[in-house]
Amino acid sequence: MRRIEPADLTIFLAIARHQSFRRAATELGVTPSALSHALRSLEERIALRLFNRTTRSVSLTEAGKRLFDRVQPAFRDIEDALDDLNSFRDAPMGLLRINAANTSARLVLMPIIGPFLRAHPGISIELIAQGALVDVVGEGFDAGVRFGERIAADMIAVPVGPRQRFAAVASPDYFERWPRPATPRDLAGLPCIGFRFDSGAPFHWEFERGGVELEIAVEGPFVTNAQDLMIDAALDGIGIAYVLEKLVEAHVAAGRLVRVLEDWCPYFPGLYLYFPSRRQIPAPLRAFIDFARAKN
C-alpha cells in the first residue's frame with residue numbers, strides 16, 4: 001500500500017464530519033470535484049471503500065467508521081499539542097469555530113466579537129449561524145451557543161450574556177381590530193404568529209406569574225422558524241408575536257409595537273457557550289471564555 005499522508009486523512013475527516021462533499025470542500029477551501037478526486041485516490045491506495053455515496057447522501061462504510069473512530073482522537077491530540085505551543089507566546093493564536101442560532105449570535109456574540117478580536121489580533125473567529133442543533137465535535141466546532149435546556153448533558157456549559165425574557169407584542173393597528181389579552185388564556189382565538197423549531201416541533205408560549213405557570217399552544221395565520229420574520233409579521237399587523245425582549249425594545253420604545261402580558265413574562269437564565277470536555281481547552285477558546293465572562 002502506498003504511503004498515506006496526513007493531508008489525505010484531513011480530507012477524509014472533513015467529509016466524515018460534514019457527510020457532505022460541498023460543506024467539506026468549503027471548510028478546506030477546495031472544490032467538491034477536487035475533494036472527490038482526492039478521496040477516490042485515497043480509497044484506491046488502501047483498496048477499501050470508506051464512504052457510501054449517492055446523489056443525495058454521503059455516509060461512512062463500516063471500514064470508514066472504524067478509521068474515523070481511530071483517527072479523529074489522534075488528530076485531536078495533534079491539535080492539542082500544537083495549541084499547547086500557545087503557552088510559549090505572549091498571546092494566544094489560532095482559529096476559533098463557533099456554532100450558534102442566528103438570534104443567539106446577534107444578541108450575545110456579535111457585541112463582544114469585535115472587542116475580543118481587537119484584544120487578540122492573533123485569533124480569528126468563524127461563526128456559523130443555524131437553527132438546528134449540531135454535534136459540535138462531529139462538525140469540527142470548538143464550541144456552540146444555545147439556551148441551557150438544549151445542551152447535551154456531557155458538555156461543559158459557561159453562561160454568556162445577561163438573563164433573557166420573552167415579550168408578547170403586536171402592532172397598534174392590530175389592537176384596533178382585536179382585544180388586548182389580560183391573561184395568557186385570552187390568547188385563545190386571537191391571531192398569533194407561531195414559531196416552529198427546525199426539528200418540526202412547534203414552540204408553546206411559556207408564561208409565569210405568582211407561581212402559576214402556563215404553557216399556551218397558540219394559533220394563527222403565520223408560522224415561521226425565524227424570530228426576525230416573526231417581528232416583521234407583527235409590525236405588519238398579522239398577529240401577536242412572542243419573541244426575545246431584546247429584539248423588540250427599539251420597536252416598543254418607538255411605538256411601532258405594543259407589549260401585552262408583560263407581568264406574565266418571567267426572566268430566565270440566558271445563553272450558554274458549551275464545548276466538549278477535553279483534557280485541554282484550546283487557547284483561543286479559553287481566551288474567548290475569559291473575555292465573555294469579564295463582559296458579563
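This is a predicted model, so every value here is computed, not measured.

Parameters and conventions
- Just so you know, the residues in each chain are numbered from 1, in the order the chain's sequence is written.
- Thresholds applied to this predicted model are a pLDDT of at least 70 for local features of residues and 80 or more for the giving and counting of side-chain atom pairs; totals over whole chains, interfaces and linings are not thresholded and use all residues.
- Side-chain figures throughout are based on the complete set of non-hydrogen atoms in the structure, without hydrogens or water.
- Numbering of helices and strands runs from the N terminus; a helix is a DSSP stretch of H or I covering at least four residues, while a strand is a stretch of E covering at least two.
- Buried, partly exposed and exposed residues are distinguished by accessible area as a fraction of the type maximum, computed with a 1.4 Å probe on protein chains only: under 20%, between the cut-offs, and over 50%, respectively.
- Residue contacts are counted whenever heavy atoms from the two residues lie within 4.5 Å of one another.
- Only the protein chains shown count as cover for residues, with accessible areas throughout obtained via the Shrake-Rupley method and a probe of 1.4 Å.
- Expected span of a helix: the number of residues minus one, times 1.5 Å.
- A pairing counts as a salt bridge when a side-chain nitrogen of Lys or Arg comes within 4 Å of a carboxyl oxygen of Asp or Glu.

(A) Layout of the overall build of the protein chain. For the protein chain, the count of helices and strands is 9 helices and 14 strands. Projecting the C-alpha coordinates of the protein chain onto the three principal axes gives extents of approximately 75 × 50 × 35 Å. Every one of the 296 residues in the protein chain was classed for burial, and the buried ones make up 44%. Considering only contacts within the protein chain whose residues lie at least 6 apart along the sequence, 72% involve residues at least 24 apart. For the protein chain, the accessible surface area stands at approximately 15,900 Å², while carbon and sulfur atoms represent 54% of it.

(B) Expanded view of helix α5 (residues 102–119). Between the first and last C-alpha of α5 there are 24 Å, a value that for 18 residues agrees with the 26 Å anticipated at 1.5 Å per step. Those residues of α5 that sit buried are Thr103, Ser104, Ala105, Val108, Leu109, Ile112, Ile113 and Phe116.

(C) Up close: the pattern of salt bridges. All chains considered together, the criterion is met by 12 salt bridges. Between Asp8 and Arg45 there is a salt bridge; the shortest N-O distance is 3.0 Å. Of this pair, Asp8 sits in helix α1 (residues 6–18) while Arg45 sits in helix α3 (residues 32–46); the two residues are 37 residues apart in sequence, bridging distant segments of the chain. Accessibility assignment for this pair places Asp8 and Arg45 in one class, buried.

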